[in-house]
Amino acid sequence: MDALDRGFHEARGANFRARYGRERLTAYGPFDQEYEALERSSVLLDLSDHTRVSLSGEDRGRFLNGLVTQRVDGLLPGTGAHACFLDRRSHILAEVRVFATEDAFLLEGEPGLGPSLVERLLKFRLSSRVAISDCAEDSSLLSVQGPLAGE
């Protein structure tokens, strides 16, 4: 899924580059100009190469609470938290951001994490009523950053 209209952005000077198997918007101009925009106004970041995994189903909160370092079953829709997946020796396997929606949790993490994260979740699902899906190909992730990002 392409969230960005490539022609629109290219007409305004955007550059695109393939990364992790996806074309992504990488720059509108020289680094110093973009950094100044980040400090003074706002910039658009295309994070679509990041991992995105969805957990839905009535047991999703209890299930995820048992696997991560953060209590997530109390997250309200539209809120989120950082969490880590640990191994038996408390070594960090993955760091994710957990976002709550009305009927699911969206886990967002670093590029390339998707397959191993889905595999780990499926391994521990057992009889929990949870649907797990890698939704990176069906969605895009954009972020607006800077002091004027809210505007």
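Residues numbered from 1 in each chain as written. Predicted model: local features only at pLDDT ≥ 70, side-chain atom pairs only at ≥ 80, totals over all residues. Heavy atoms only, no water.

Participant: Help me understand the nonpolar core, please; the structure alone is not making it clear to me.
Facilitator: Taken as a class, soluble globular proteins show a tendency for nonpolar side chains to be buried jointly. By size, the foremost hydrophobic cluster in this structure holds 23 residues, and its most contacted members are Leu55, Leu64, Phe85, Val98, Leu107 and Leu121. Counting only elements with at least two residues in this core, the list comes to β4 (51–56), α3 (60–65), β5 (80–86), β6 (92–100), β7 (104–109) and α4 (114–125). Per element, the largest residue contribution to this core is four residues, and it comes from β6. Leu64 has contacts with Leu55, Val72, Phe85, Val98, Phe105 and Leu107, leaving out every residue within four places of it along the chain. (Core = buried A, V, L, I, M, F, W, Y, C linked by side-chain atoms within 4.5 Å. Buried < 20%, exposed > 50% of the residue type's maximum accessible area, 1.4 Å probe, protein only. Helix = DSSP H or I, 4+ residues; strand = E, 2+ residues; numbered from the N terminus. Contact = heavy atoms within 4.5 Å.)

Participant: What is the right way to look at α4 in this model?
Facilitator: Turn by turn, an α-helix covers 3.6 residues, leaving residues three or four places apart pointing in a common direction. When the terminal C-alpha atoms of α4 are compared, their 16 Å separation across 12 residues agrees well with the 16 Å that a helix rising 1.5 Å per residue should span. Within the sequence span of α4, burial applies to Gly114, Leu117, Val118 and Leu121. The buried residues of α4 occupy an angular sector of 95° when projected down its axis, which confines them to one face. Counted as exposed and oriented over 90 degrees from the buried face of α4: Pro115, Glu119 and Lys123. (Expected span 1.5 Å × (residues − 1). Arc of directions from axis to C-beta.)

Participant: Sorry if this is basic, but what is going on with unusual backbone geometry here?
Facilitator: Glycine aside, negative phi is the norm for most residues, and most peptide bonds take the trans geometry. With phi around 65°, Ser90 is a residue other than glycine that occupies positive phi space. Examined against the element boundaries, Ser90 turns out to sit in the loop between β5 and β6. The phi angle at Leu126 is positive, at roughly 45°, despite the residue not being glycine.

Participant: I would appreciate a short explanation of the sheet that holds β4 in the present structure.
Facilitator: Strand pairing in a sheet relies on backbone hydrogen bonds. The paired strands run either parallel or antiparallel. Judged by pairing direction, the sheet is antiparallel, and its five strands sit side by side in the order β5-β6-β7-β4-β8 without closing on themselves. With partners counted over all chains shown, the strands left at the sheet margins are β5 and β8 (131–134), one partner each. Between one strand axis and the next, the sheet turns through 25° on average, direction left out of account. As defined by bridge partners, β4 adjoins β8 across four bridges and the pair is classed as antiparallel. Bridge assignment links Leu55 to a residue of β8, and that residue is Ile132. (Pairing = 2+ DSSP bridges. Axes fitted to C-alpha atoms, helices over the stretch in contact; angles between N-to-C directions.)

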